[in-house]
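Chain and residue survey
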Amino acid sequence: MKDDDIWTRDEIESPCNKICVIHPEVRICAGCYRSIDEISGWSRLSPEARRALMEELPSRAGLLKKRRGGRAARQKS
C-alpha cells in the first residue's frame, strides 16, 4: 500500500503546553513564557527564529513571582 501524503503533517514547533494564562504584571504566559506578541506572531516566524526563542524561554521563568500563601496562608492566622 502506498503512503498517503494527505495525512502527513509538518506541525510548527511550539513551546505551548496548554497552560495559557497571561501574568498581569509581567505580561508573559505562565505556561510557555512567551509574550502576547510572540504568541500571536509564532506561525509567521521562521523555524530558526522559533528555535532561538524556545531556547530563551526557560530563562524567563524567574520573572513570574510565586504567590506568598494566598487563601491558605490567611486561614492559618
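These numbers come from a predicted model, not from an experiment.

Moving on: the overall build of the protein chain. Per the secondary structure count, the protein chain includes three helices and zero strands. Written out in order from the N terminus, the α and β elements of the protein chain read α-α-α. Expressed as a percentage of its 77 residues, the buried residues of the protein chain come to 19%. Of all intrachain contacts in the protein chain linking residues separated by at least 6 positions in sequence, the fraction that spans at least 24 positions is 45%. When the accessible area of the protein chain is evaluated, it comes to approximately 6700 Å², of which 52% is carbon and sulfur surface.

We now examine the pattern of salt bridges. Applying the stated criterion to the full structure yields three salt bridges. Among the salt bridges present, the one from Glu13 reaches Arg51, with a minimum N-O distance of 2.7 Å. With a gap of 38 residues between them, Glu13 in the segment before α1 (36-41) and Arg51 in helix α2 (residues 47-56) connect regions that are remote in the sequence. Under the relative-accessibility criterion, Glu13 is labelled partly exposed at 34%. Note on Arg51: relative accessible area 40%, which makes it partly exposed. Glu56 is the partner of Arg60 in a salt bridge, and the nearest nitrogen-oxygen pair spans 2.9 Å. The network of salt bridges with shared partners includes Glu38, Glu56 and Arg60.

With that settled, the discussion passes to the side chain of His23. Within the secondary structure, His23 is located in the segment before α1. Judged by relative accessible area, His23 falls into the buried class, the value being 18%. For His23, the side chain forms a polar contact with the main-chain nitrogen of Val26, separated by 3.1 Å. Those residues within four positions of His23 in sequence are excluded, and the remaining contacts are Ile28, Leu64 and Lys65.

Rules used throughout
Residues numbered from 1 in each chain as written. Predicted model: local features only at pLDDT ≥ 70, side-chain atom pairs only at ≥ 80, totals over all residues. Heavy atoms only, no water. Helix = DSSP H or I, 4+ residues; strand = E, 2+ residues; numbered from the N terminus. Buried < 20%, exposed > 50% of the residue type's maximum accessible area, 1.4 Å probe, protein only. Contact = heavy atoms within 4.5 Å. Areas by Shrake-Rupley, 256 points an atom, 1.4 Å probe, with all protein chains shown as cover. Salt bridge = Lys/Arg side-chain N within 4 Å of Asp/Glu carboxyl O. Polar contact = N/O pair within 3.5 Å; in protein donor to acceptor, adjacent residues only side chain to side chain.

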